[in-house]
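Architecture and fold: a report
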Amino acid sequence: MAGLFAAHLLLKEGWAVRIYERVNSEMAGRGAGIVTHPELFDILDECGIDSRAIKIGVPVAGRRVFANDGEMIGELPLAQVLTSWGRLYRLLWDLLPAGIYHHGYNVEHVHTDSAGVTVAFSNGEEVSADLLVGADGIFSTIRKQLLPDVMPTYAGYIAWRGLVDERDLSPKTRADICDYFAFSLPPGEQMLGYPVAGADEATEPGSRRFNFVWYRPAPRDTVLKELLTDTEGATHELSIPPHLIRPPVLKAVREDAIDVLSPQFAEVVTKTKQPLIQAILDLETPQMVVNNRVALIGDAAFVARPHVGMGVTKAAGDAHVLAKSLAAESDDIGQGLKTFATQRLAFGRAVVQRARHLGVYMQAQIATDEERKLAEIHRRPDRVMAETAVTAGIVI
Ligand SMILES: Cc1cc2nc3c(=O)[nH]c(=O)nc-3n(C[C@H](O)[C@H](O)[C@H](O)COP(=O)(O)OP(=O)(O)OC[C@H]3O[C@@H](n4cnc5c(N)ncnc54)[C@H](O)[C@@H]3O)c2cc1C
């Protein structure tokens, strides 16, 4: 996503752009929703996608919290649009000029010198350019080579995520949660959900899907290891292909859903055919520019826990500031990159910090007095409703 935004915005500024993607085929969403923020719409507009005329996602008018017995215990008006990775990817992809996107190119090595940057791919090809934008995600090969000490760290909890067709839910559950950003808050855990477009991008009530994210503590050496041990007995490091999650693990999460969640959310979980597990990670890079030739953007640079809902908006923002900074210093790439990094390093750090604070109460271990204090503040239902997936509170 960061790469697509960067391509559109740099093309607009007159750059000759090529995108190299290691996946050799059409890409698909990971079956999860994407929260939008006003900045994302502004940048989509700059990319040539008229976000006021085109339906980007499903609008909701507000938020609700449900107690364990199903009673609504909190409500907050807060309009927001919820979309999906697939929808945004398709919109950005369709507008790319022909011939610039290259599938099946896995970056293996990067070399910089005063003349530029050269990238070697595992298929044996090499490409040289004035600038390399490393938009290769949380496990970025480019970052690993240039900044080998920067790595994601496990936050101590996971999210179960999934999608269920709205029409499979009971009329009561649909009425209670399907038009809202809704929560259920068992002690030390957080369940949230919201409507997103259906499989065919349909956004009419009845054809949509309900997307959920259920955060649960999972100490690394015990619970996490159990969850990530697959049907063949192999233990994965930080993620597991959904179809390899063991049946007893799925049975246990469905039983837990009935025990600890509000009945509306228990129904959502038990009716989700293929839930997936996401380990929650933090990633912070100390620099977004290397050797005046390489810029790191999106998840390659900073990954905030999902409580701020900023993954795609941050990626778009990085790309936007990069293109504008380079345009402002059109004969000095190094100076343009410096301006970019000054702005976006501060923003990336602030987003990661805010998300860490919001998530402290789900950590398997709360280590310090400050963390205990944060956990108390941010776990209250009124705070969860007001603070989740909004930009307010991100202080630079
Ligand atoms: C296929 C896919 C589906 C996703 N679906 C969802 C979703 O449903 N919900 C959600 O919240 N988030 C989803 N995400 C994550 C979300 O896109 C990101 O958190 C956010 O948009 C920031 O993205 P990014 O572009 O920085 O990194 P990413 O989205 O991770 O993109 C990085 C890209 O770089 C490519 N790449 C990595 N290494 C190399 C290499 N060595 N050489 C060449 N290319 C390489 C990857 O294949 C990928 O396409 C998805 C990501 C991907 C790749």
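In this numbering scheme, every chain counts its residues from 1 along its sequence in written order. Selection of residues for local features in this predicted model requires a pLDDT of at least 70, selection of side-chain atom pairs for listing and counting requires 80 or more, and totals for whole chains, interfaces and linings are taken over all residues. Hydrogens and water molecules were not included; the side-chain quantities draw on all heavy atoms of the structure.

Strands sit in the order β2-β4-β3-β11-β12-β13-β10-β14-β17 across an open sheet of nine strands; the sheet is mixed. The open sheet terminates on both sides in strands that have one partner only, identified here as β2 (33-35) and β17 (302-303). Inspection of the sheet shows strand β11 (residues 181-184) paired to strand β12 (residues 190-196) by three bridges, in the antiparallel sense. In the sheet register, serine 184 faces β12, and the bridge partner there is methionine 191. Strands pair, by our definition, only if DSSP identifies at least two bridges between them. Think of it this way: any DSSP run of H or I at least four residues long counts as a helix, any run of E at least two long counts as a strand, and we number them from the N terminus.

Either an automatic procedure or a domain database provided the assignment from which the domain bounds are taken. For the protein, the assigned domains are domain 1 (2-52 + 88-152 + 283-361) and domain 2 (60-86 + 155-281). Summarising the inter-unit geometry, the C-alpha centres of domain 1 and domain 2 are found 29 Å apart. In what follows, a contact means two residues having at least one pair of non-hydrogen atoms within 4.5 Å. Counting residues at the interface gives 26 residues for domain 1, matched by 26 residues for domain 2. Throughout, buried area stands for the accessible area (probe radius 1.4 Å) lost by two parts on being put together, summed over both. Here domain 1 packs against domain 2, burying approximately 2,100 Å² in sum over the two surfaces, 59% of which is carbon and sulfur. Salt bridges are defined as contacts in which a side-chain nitrogen from Lys or Arg sits within 4 Å of a carboxyl oxygen from Asp or Glu. Summed over the shared surface of domain 1 and domain 2, the number is zero salt bridges. In the analysis that follows, any N or O atom pair within 3.5 Å is treated as a polar contact, provided that within protein one partner can donate a hydrogen and the other can accept it, and provided that, for residues neighboring in sequence, both atoms belong to side chains. At the surface where domain 1 touches domain 2, the tally comes to 11 residue pairs in polar contact (both at pLDDT 80 or more). Of all the secondary structure elements, the ones that give two or more residues to the side of domain 1 that touches domain 2 are β2 and α3 (85-94). Residues were grouped as follows: Ala, Val, Leu, Ile, Met, Phe, Trp, Tyr, Cys and Pro as nonpolar; Asp, Glu, Lys and Arg as charged; and all remaining residues, including Gly, as polar. Per-class residue counts for the side of domain 1 that touches domain 2 are 16 nonpolar, seven polar and three charged.

Definition of nearness: a residue and a molecule or strand are near each other if at least one heavy atom of the residue lies within 4 Å of the molecule or strand. Neighbouring residues of the ligand: 27 residues in total, closest Ala2, Glu21, Trp85, Val107 and Asp299. Here glutamate 21 contributes a side-chain N or O atom positioned 2.5 Å from an oxygen atom of the ligand. Residue tryptophan 85 places a side-chain N or O atom 2.9 Å away from an oxygen atom belonging to the ligand. Contact with the protein chains removes 87% of the 920 Å² of surface that the ligand exposes when unbound. For accessible areas, the Shrake-Rupley method is used with a probe of radius 1.4 Å. Any residue's cover is judged against the shown protein chains and nothing else.

Put simply, buried Ala, Val, Leu, Ile, Met, Phe, Trp, Tyr and Cys residues joined by side-chain atoms within 4.5 Å make one nonpolar core. Note on classification: 1.4 Å probe, protein chains only; a residue is buried when its accessible area is under 20% of the maximum for its type, exposed when over 50%, partly exposed between these limits. Ranked by size, the top nonpolar core spans 105 residues in total, and within it Phe5, Trp160, Trp214 and Phe340 carry the most contacts. Residue contributions to this core peak at 11 residues, all from helix α10 (residues 333-359). Not counting the four nearest positions on each side in its chain, phenylalanine 340 is found in contact with Met288, Val289, Ala295, Leu296, Ile297, Asp318, Val321, Leu322 and Ser325. Counting 24 residues, the second largest nonpolar core, distinct from the first, contains Leu82, Leu163, Ile280 and Met385.

Here the focus is the side chain of histidine 37. Residue placement: histidine 37 occurs in the loop between β2 and α2 (38-46). Once residues within four sequence positions are removed from consideration, histidine 37 is found in contact with Gln80, Val308, Gly309, Met310, Thr313, Ala389, Val390 and Thr391.

Let's shift gears to the sheet that holds strand β7 (residues 116-121). Overall, antiparallel pairing links the three strands, which are arranged β6-β7-β8 in an open sheet. Both edges of this open sheet fall to β6 (107-113) and β8 (126-129), since each of them pairs with a single strand only. Within the sheet, the average angular offset between the axes of one strand and its neighbour, ignoring direction, is 20°. Note that β7 and β8 share four bridges and pair antiparallel. Bridged to valine 117 within β8 is alanine 129. Lines fitted to the C-alpha atoms define the axes, with helices restricted to the stretch that makes contact. Angles between their N-to-C directions range from 0 to 180 degrees.

Taken together, the buried positions of α2 are occupied by Leu40, Phe41, Ile43 and Leu44. Buried residues along α2 cover an arc of 165° about the axis, so they all sit on one side. Downstream of α2 by a residue or two, glycine 48 has a phi angle that is positive, lying close to 100°. Directions from the helix axis toward the C-beta atoms define the arc.

Our focus in this paragraph is unusual backbone geometry. In this model, asparagine 291 sits at a positive phi of 55°, which is unusual for a non-glycine residue. Looking at the element boundaries, asparagine 291 is found in the loop between β15 (289-290) and β16 (294-296). If you check the backbone angles, asparagine 292 has positive phi at about 60° while not being a glycine. Take asparagine 292: it is sitting in the loop between β15 and β16.

Tracing the chain through its elements places valine 390 in the segment after α12 (381-387). Under the relative-accessibility criterion, valine 390 is labelled buried at 12%. It is 23 Å that separates the C-alpha atoms of valine 390 and glycine 29, two residues lying 361 residues apart in sequence. Aside from chain neighbours lying at most four places away, what touches valine 390 is His37, Arg63, Leu78 and Val308.

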